[in-house]
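# Structural features, examined
For reference, the chains in residue letters:
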Amino acid sequence: MLKQFLNLKLSQKLSPQQIQLMKLIQLPTQAFEQRLLEEMNENPALESGKEEDDYEKDEFENEDYDDYDDAESERIDAEDINIDEYLSNDETPDYKTQANNYSDDDEDRETPFAAPISFHQDLINQLNTFILNDEEREIAEFLVGSIDDMGYIRRSIPDMVDDMAFTQGIYTDEKMVQKMLHVIHELEPAGVGAQDLQECLLLQLKHKTPTESVDLAIDIIENQFDAFTKKHYDKLLQKYGVSNEQLKKAIHEIEKLNPKPGGSFTGNNKVTENVVPDFAIRIVDGELELTLNGRNAPSLHVSKDYQEMMQTYKDSRDKSTQQKEAVQFIKQKLDSAKWFIDAIRQRQETLFVTMNAIMHYQEEFFLDGDETKMKPMILKDIADLVGLDISTISRVANSKYVETPYGTKLIKEFFSESMKNDQGEDVSTLEIKKILQNTIEEEDKKKPLPDDQLAEILKEKGYPIARRTIAKYREQLDIPVARMRKKM
């Protein structure tokens with residue numbers, strides 16, 4: 001049986017231009033510069049830098065601009081395109097001259113750095129100092145390639161034997177792979193090539209000069225690893241019959257080791273983000289001053305050559321089909337250039353007004369850097385202040401950094417939910433986390449505070465929080481449980 005239904009559906013779709021603008025807003029400074037280069041490579045009508053001359057105005061300057069219609073492609077006149085609309089009457093775009101819109105000393109804050117050798121290449125270079133035959137070298141290099149960025153080989157030996165046979169045509173056995181693993185374990189940093197944490201710590205200890213403390217540490221890791229990880233120090237004292245001081249020295253030797261030997265390598269091939277602050281906040285005469293990184297405000301204009309081509313077409317009496325096709329291409333590029341310049345202006349304004357609202361909302365924090373003065377703030381608070389959509393505020397906050405007198409911070413870190421204190425006042429969860437962190441830092445490390453005691457202490461300070469909430473905040477702060485915080 002056929003039934004008919006009538007459904008009314010209200011939907012709002014973003015235009016391609018609006019989507020592109022949202023993507024531009026989301027980009028941090030460095031990614032924006034890359035996007036700018038891509039646009040300029042794709043659009044020859046878009047040029048950077050200040051214009052050499054002021055272009056002469058003609059009689060078409062005040063004519064209306066008509067959007068291009070494919071249906072009218074048979075007849076295109078120069079009068080349909082007002083070139084002056086794509087050009088700046090001044091040498092500098094107006095959005096770059098707005099107060100506090102960019103910082104003059106952005107370049108002074110940039111620190112160039114050299115690209116170091118990769119972690120894996122450094123290990124290969126070290127291998128070259130060993131005397132190995134061709135088969136051994138191939139296996140050793142395969143093993144180096146199997147090391148992850150933290151310095152571990154997390155695959156089993158049988159798996160690697162099979163992988164070498166199927167993918168590299170290297171036919172070997174487990175005994176030979178084990179032999180080459182011993183070679184890898186001689187490389188620096190110590191501990192590289194281990195298959196688990198226990199082996200990693202052992203390799204580092206065995207690289208140390210033997211002492212009573214080192215020998216005890218090796219025995220603990222080799223034979224009492226579970227007791228060590230669970231910090232059962234009483235059990236270790238009873239097992240080895242040593243004094244508190246002797247065990248403390250051995251534990252200290254272990255605590256000095258690096259559980260991620262590859263992660264500490266400065267030339268690691270893992271991508272390291274070079275943070276460039278998108279904003280800077282300074283205190284001038286007791287007042288907050290916001291600037292936007294000048295690299296976000298490029299000087300752009302429409303190509304003079306494109307204007308001259310359009311002028312040539314306008315002056316031509318006989319307009320051939322080829323000329324009409326050429327002017328269509330030129331108009332498309334002019335449209336794109338005009339939109340991109342306008343999009344950059346909108347991006348500038350959006351970034352600035354959003355960060356300005358955040359700065360004033362968190363004025364108390366920015367004036368003295370006390371994190372306990374951070375106010376509860378959600379995306380909607382800022383969206384309501386500046387009249388923008390919540391998703392737009394999110395795009396600004398999630399990927400941008402601000403340089404403050406107290407360090408460079410990710411903007412989204414200023415947002416937090418609110419909770420009630422014992423006075424019924426709204427306080428930021430950031431404030432509570434900071435107090436929790438301070439409480440843990442001040443605890444007696446020989447008797448660290450469990451979560452229920454932490455909850456009682458915060459309740460006494462005026463923050464009635466459940467134990468499970470304490471546990472959640474502690475995990476978010478990357479602070480281990482009380483047992484793991486215990487020191488000798």
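Residues numbered from 1 in each chain as written. Predicted model: local features only at pLDDT ≥ 70, side-chain atom pairs only at ≥ 80, totals over all residues. Heavy atoms only, no water.

Further remarks concern the overall build of the chain. Secondary structure assignment for the chain yields 21 helices and eight strands. For the chain, the proportion of its 488 residues judged to be buried stands at 42%. Of the contacts formed within the chain by residues at least 6 apart in sequence, a portion of 67% connects residues at least 24 apart. (Helix = DSSP H or I, 4+ residues; strand = E, 2+ residues; numbered from the N terminus. Buried < 20%, exposed > 50% of the residue type's maximum accessible area, 1.4 Å probe, protein only. Contact = heavy atoms within 4.5 Å.)

Another point: unusual backbone geometry. Put simply, Glu188 and Pro189 share a cis peptide bond, and its omega is 0°. Among the structural elements, Pro189 can be located in the loop between helix H7 (174-184) and helix H8 (197-206). At Lys231, a residue that is not glycine, the phi angle is positive and equals roughly 60°. Assignment of secondary structure puts Lys231 in the loop between helix H10 (225-229) and helix H11 (233-240). One non-glycine residue with positive phi stands out, namely Asp478, at about 60°. As for its placement among the helices and strands, Asp478 is situated in the loop between helix H20 (467-476) and helix H21 (482-485). When its relative accessible area of 69% is taken as the criterion, Asp478 is described as exposed.

Another point: the environment of Ile382. Among the structural elements, Ile382 can be located in helix H16 (residues 379-386). Taking C-alpha positions, Ile382 is 6.7 Å from Ile358, a pair spaced 24 residues apart along the chain. What Ile382 contacts, discounting residues up to four positions off in sequence, is Thr354, Ala357, Ile358, Tyr361, Met377, Ile393 and Phe415.

Our focus in this paragraph is the confidence of the model for the chain. Here the chain shows a mean pLDDT of 79. Residues at 70 or above account for 78%. In this model, residues 53-79 is a region of pLDDT below 50 whose contacts with residues beyond four sequence positions or in other chains number 52 contacts. (pLDDT = per-residue confidence, 0-100.)

With that settled, consider the pairing of strand E2 (residues 279-284). As judged from the six bridges shared by E2 and strand E3 (residues 287-292), these two strands associate in the antiparallel manner. Bridged to Ile281 within E3 is Leu290. If you look at the hairpin formed by E2 and E3, you'll find two residues sitting between the two strands, and Asp285 has a positive phi there, around 55°. As paired strands, E2 and strand E5 (residues 401-404) are joined by two bridges and run parallel to one another. Bridge assignment links Ala280 to a residue of E5, and that residue is Glu403. (Pairing = 2+ DSSP bridges.)

Moving on to the pattern of salt bridges. Considering all chains together, one arrives at 16 salt bridges under this definition. In this structure, Asp163 engages Arg155 in a salt bridge whose closest nitrogen and oxygen atoms are separated by 2.8 Å. By sharing partners, the salt bridges in this structure join Lys208, Glu253 and Lys256 into a single network. (Salt bridge = Lys/Arg side-chain N within 4 Å of Asp/Glu carboxyl O.)

This next bit is on the sheet that holds E3. Spatial strand order, E3-E2-E5-E6: four strands in an open sheet with mixed pairing. With one partner strand each, in any of the chains shown, E3 and strand E6 (407-410) form the two edges of the open sheet. Direction aside, neighbouring strands of the sheet carry axes that sit 25° apart on average. Contacts between helix H14 (residues 321-361) and the sheet are confined to E2, E3 and E5, with E3 contributing the most and set at about 155° to the helix. (Axes fitted to C-alpha atoms, helices over the stretch in contact; angles between N-to-C directions.)

Time to look at the packing of aromatic side chains. Applying the stated criterion across every chain yields a total of five aromatic pairs. Judged by centre distance (6.3 Å) and plane angle (50°), the ring pair of Trp339 and Phe340 falls under tilted. The exposure class of Phe340 is buried, given its relative accessible area of 0%. Ring pairing ties together the aromatic residues Phe365, Phe366, Tyr406 and Phe414, which thus form one cluster. Arg154 extends its terminal NZ or CZ atom over the ring of Tyr152, reaching a point 4.3 Å from the ring centre. When the ring centre of Tyr361 is taken as reference, the NZ or CZ atom of Lys375 above it lies at 4.6 Å. (Phe/Tyr/Trp six-rings, centres within 6.5 Å; stacked < 30°, edge-to-face > 60°. Lys NZ or Arg CZ within 6 Å of the ring centre and 35° of its normal.)

Another point: the packing of H8 against helix H9 (residues 212-223). A packed helix pair is summarised by two numbers, namely the angle formed by the two axes and the spacing between the axes. Axis separation between H8 and H9 bottoms out at 10 Å; the angle between their running directions is 165°. One way to sum up the angle between H8 and H9 is to call them roughly antiparallel. Two packed elements cross with a definite hand, and for H8 against H9 that hand is left-handed. Contact residues: Gln198, Leu201, Leu202, Leu205 and Lys206 in H8; Val214, Ala217, Ile218, Ile221 and Glu222 in H9. Partitioned by chemical class, the residues of the contact of H8 with H9 number seven nonpolar, one polar and two charged. (Parallel < 35°, antiparallel > 145°, perpendicular 65-115°, else oblique. Left-handed = near helix turned anticlockwise from the far one by under 90°. Nonpolar A, V, L, I, M, F, W, Y, C, P; charged D, E, K, R; others polar.)

Counting 44 residues, the largest nonpolar core has Met355, Ile411 and Phe414 as its most contacted members. For this core, the element with the most residues is H14, which contributes 14 residues. (Core = buried A, V, L, I, M, F, W, Y, C linked by side-chain atoms within 4.5 Å.)

With 12 residues, helix H5 (residues 134-145) should reach 16 Å at 1.5 Å per residue; the first-to-last C-alpha distance of 17 Å fits that figure. Those residues of H5 that are buried are in contact with helix H4 (119-127), helix H6 (157-168) and H7. Backbone nitrogen of Glu135 and a side-chain oxygen of the N-cap are separated by 3.1 Å at the start of H5; the cap is Asn133. (Expected span 1.5 Å × (residues − 1). Polar contact = N/O pair within 3.5 Å; in protein donor to acceptor, adjacent residues only side chain to side chain.)

Mapped onto the secondary structure, Leu334 falls in helix H14. Given the relative accessible area of 0%, Leu334 is considered buried. Considering only alpha carbons, one finds Leu334 and Ala45, 289 residues apart in sequence, at a separation of 6.2 Å.

Turning to the pairing of E6, a few remarks are in order. By the bridge criterion, four bridges tie E5 to E6 in an arrangement that is antiparallel. Pairing of Thr404 across the sheet is with Gly407, part of E6. Hairpin connection, E5 to E6: the antiparallel pair is bridged by two residues.

Okay, the packing of H14 against helix H17 (residues 390-399) next. Packing of H14 against H17 brings their axes to within 10 Å, and their N-to-C directions diverge by 85°. In terms of orientation, H14 and H17 fall into the roughly perpendicular class. Judged by residue contacts, Thr350, Leu351 and Thr354 of H14 engage Thr392, Ile393 and Val396 from H17. Tallied by class, the residues present in the contact of H14 with H17 amount to three nonpolar, three polar and no charged.

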